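Examining the three-dimensional arrangement
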Amino acid sequence: MPHLPQSGDILPSEITPEAVYLNRRQLIAAGAGLAAAGLLPTAQAAGELAAKPSRYNVGGEEKNSLEQITHYNNYYEFGTDKDDPAKNVGTLKTRPWTVRVEGACEKPQTFDIDKLLKLVPLEERLYRLRCVEAWSMVIPWIGFPLSELLKQVAPTSKAKYVEFTSLADKSQMPGLLAGVLDWPYTEGLRIDEAMHPLAIMAVGLYGKVLPNQNGAPIRLVVPWKYGFKSAKSIVKIRLLETQPATAWNKAAPNEYGFYSNVNPEVDHPRWSQATERRIGEFLRRKTLPFNGYGNEVAGLYKGMDLKKFY
Ligand SMILES: Nc1nc2c(c(=O)[nH]1)N[C@H]1C(S)=C(S)[C@@H](COP(=O)(O)O)O[C@H]1N2
Ligand SMILES: [Mo]
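Residues numbered from 1 in each chain as written. Chains lettered and ligands numbered in written order. Predicted model: local features only at pLDDT ≥ 70, side-chain atom pairs only at ≥ 80, totals over all residues. Heavy atoms only, no water.

**Focus on the pattern of salt bridges**
Scanning the entire structure with this criterion turns up 17 salt bridges. Two residues, D182 and K250, come together in a salt bridge whose shortest N-O distance is 3.2 Å. On the criterion of sequence distance, the pair formed by D182 in the loop between β6 (161-166) and β7 (186-190) and K250 in helix α7 (residues 247-251) is long-range, its members being 68 residues apart. For D182, a relative accessible area of 48% corresponds to the partly exposed category. Salt-bridge contacts for R190 lead to D192; the nearest nitrogen and oxygen are separated by 2.8 Å. The class of R190 is buried, set by a relative accessible area of 13%. Through salt bridges with shared partners, one network takes in E61, R128, R130, E276, R278, E281 and R285. (Salt bridge = Lys/Arg side-chain N within 4 Å of Asp/Glu carboxyl O. Helix = DSSP H or I, 4+ residues; strand = E, 2+ residues; numbered from the N terminus. Buried < 20%, exposed > 50% of the residue type's maximum accessible area, 1.4 Å probe, protein only.)

What follows is the structure, encoded as structure tokens:
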């Protein structure tokens, strides 16, 4: 079963130099492959991505290391242990890659990832990511507002929700053979959540293209919601009139609601949400409402009972 308590958190000291070395090699290999295929200028041969600094950054918190960010992952398509994705993501092919955007819109389109990257303003954004398993990280993402992508297809007034679908390919993703979830992984947002400037599509982190285990080549990041809302390796986005089903909600509706806003007052049946452990730290931190983004997003939920709409 997904999101089960893990046997123990990985401490930085337990990460073997070999794993770190392999990960760096994968990053470099990914960049070199793209350059060889003529998809990136040589300056980006090592997967470097230019991005402007953003005004949306968490203040006063230390970044997690690249090693922590790439070796403590949930990506069930590649296994359910935190270090499985780093071990198994070598089979994920991130080029060529397209994202289909369709549904309640005037201009449904299929975007080639490299063309899309030229259309959108890339920014570096330091965000907290908090998993419902009560751990968190601070990650320097590179991405662009999801709204920029949705605007390209001209949503109609019938677009009330957005559904995100991850790649599901058995030949690339060994985890699909285990029936943990009803694949493909899907997630959803209400349209106003999706259009909020804090909701981004991430294509990189730490100045480079996304490592495969973090959802390459393109994933959603919604920093005020639990990590599972941020679907990885997205191939399809649909604008819908009605609320979509989501993979975790289908798997365990009493544990994972549609909204899944970080809320210290509403416990998950198996984990208290009042505190969290920052990966790499020993003492627990207090969890903040909306993961600390309440000033920006609380207004989206005015008048809603967030105990009911968890
Ligand atoms: N396709 C897909 N997306 C996914 C997941 C997954 O298993 N499959 N796990 C989610 C969960 S539970 C979390 S906490 C975040 C973790 O993102 P990270 O590994 O980049 O920190 O990815 C989310 N996106
Ligand atoms: Mo998670």
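Let us keep going from here.
**Side note on the confidence of the model for the chain**
Chain-level pLDDT for the chain is 89 on average; 85% of the residues reach the 70-or-more range. Note on residues 4-31: pLDDT under 50 across the span, and 44 contacts to partners over four residues away in sequence or across chains. (pLDDT = per-residue confidence, 0-100. Contact = heavy atoms within 4.5 Å.)

**Observations regarding the sheet that holds strand β3 (residues 109-112)**
The five strands lie next to each other as β3-β2-β11-β6-β7, forming an open sheet whose pairing is mixed. One side of each edge strand has no neighbouring strand; the edge strands of this open sheet are β3 and β7. Here the strands of the sheet are splayed against their neighbours by 15° on average, with no regard to which way each runs. Where β6 lies against β7, five bridges are found, and the strand directions are antiparallel. Residue pairing in the sheet places Y161 in a bridge with R190 of β7. (Pairing = 2+ DSSP bridges. Axes fitted to C-alpha atoms, helices over the stretch in contact; angles between N-to-C directions.)

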